[in-house]
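Chain residues, written in single-letter form:
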Amino acid sequence: MDIHLVIKALANPTRVAILNGLKNPAAHFPPQDEGDIDLDGVCVSCIQEGIGLSQSTTSSYLELLQRAGLVKATRRGRWTYYKRDEDGISQFAEAVKQQL
């Protein structure tokens, strides 16, 4: 895990809001037409609608969160769904403990 990449990802309040919203997606994002929100995760369009940014900005934010190891992406047909990567988040927390 690249701790500096994670810190960069978390330096933006909107990316942090996305990550926090994915803790309880049904409470933070609108209902989606396809996919199981608990099993598959939340589709990009619902995340976009929930945070009020353009599709391209939302996708770039999610891509950085994924590269940082904070979310997982699952592709189903033409849709991509995102969930928190709890293992990655735990690894980051442990890495911070060891560094400080």
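Colleague: Please clarify how helix H1 (residues 3-10) should be interpreted in this entry.
Modeller: In an α-helix there are 3.6 residues to a turn, and that puts residues three or four apart on one side. Of all the residues in H1, the buried ones are Ile 3, Leu 5, Val 6 and Ala 9. The buried residues of H1 all sit within an arc of 160° when viewed along its axis, so they share a single face. Away from its buried face by more than 90 degrees, H1 exposes His 4 and Lys 8. Residues of H1 that are buried sit in contact with helix H2 (13-21), helix H5 (55-67) and helix H6 (86-99). The N-terminus of H1 is capped by Asp 2, whose side-chain oxygen sits 3.0 Å from the backbone nitrogen of His 4.

Colleague: Before we go on, may I ask you to explain the state of the cysteines in this structure?
Modeller: In protein structure, a disulfide is the covalent linkage between the sulfur atoms of two cysteines. All chains considered together, the criterion is met by zero disulfides. Free of any disulfide, Cys 43 has its nearest cysteine sulfur in Cys 46, 3.4 Å distant.

Colleague: Help me out: how do you make sense of the nonpolar core in this one?
Modeller: If you look at soluble globular proteins, the nonpolar side chains tend to sit buried side by side. In this structure, Ile 18, Leu 22, Val 42, Ile 47 and Leu 70 are the most contacted members of the largest nonpolar core, which totals 25 residues. For this core, the secondary-structure elements that each account for two or more residues are H1, H2, strand S1 (42-43), helix H4 (44-51), H5, strand S3 (79-84) and H6. When near neighbours in sequence (up to four residues on either side) are disregarded, Ile 47 contacts Ile 18, Leu 22, Phe 29, Val 42, Thr 58, Leu 62 and Tyr 82.

Colleague: Help me understand the sheet that holds S3 in this model?
Modeller: Two orientations exist for strands paired in a sheet by backbone hydrogen bonds: parallel and antiparallel. If you walk across this open sheet you meet the three strands as S1-S3-S2, and the pairing is antiparallel. The strands lining the two open edges of the sheet, one partner per strand, are S1 and strand S2 (71-76). Looking at chain direction, S2 and S3 are connected through six bridges and run antiparallel. Counted as the bridge partner of Arg 76 is Trp 79 from S3. The sheet contacts of H5 involve S2 and S3, and relative to S2 the element is tilted by about 120°.

Colleague: Explanation requested: the packing of H2 against H5 in the structure shown.
Modeller: Axes are the key here: two packed helices are described by the angle between their axes and the distance separating the axes. Interaxial distance between H2 and H5 falls to 10 Å at its minimum, and their mutual angle equals 70°. Classified by the angle between their axes, H2 and H5 sit roughly perpendicular to one another. Residues Thr 14, Arg 15 and Ile 18 of H2 form the contact with H5, whose participating residues are Tyr 61, Leu 62, Leu 64 and Leu 65. Class assignment of the residues belonging to the contact of H2 with H5 gives a composition of five nonpolar, one polar and one charged.

What counts, and where the lines are drawn
Residues numbered from 1 in each chain as written. Predicted model: local features only at pLDDT ≥ 70, side-chain atom pairs only at ≥ 80, totals over all residues. Heavy atoms only, no water. Buried < 20%, exposed > 50% of the residue type's maximum accessible area, 1.4 Å probe, protein only. Helix = DSSP H or I, 4+ residues; strand = E, 2+ residues; numbered from the N terminus. Arc of directions from axis to C-beta. Contact = heavy atoms within 4.5 Å. Polar contact = N/O pair within 3.5 Å; in protein donor to acceptor, adjacent residues only side chain to side chain. Disulfide = S-S within 2.5 Å. Core = buried A, V, L, I, M, F, W, Y, C linked by side-chain atoms within 4.5 Å. Pairing = 2+ DSSP bridges. Axes fitted to C-alpha atoms, helices over the stretch in contact; angles between N-to-C directions. Parallel < 35°, antiparallel > 145°, perpendicular 65-115°, else oblique. Nonpolar A, V, L, I, M, F, W, Y, C, P; charged D, E, K, R; others polar.

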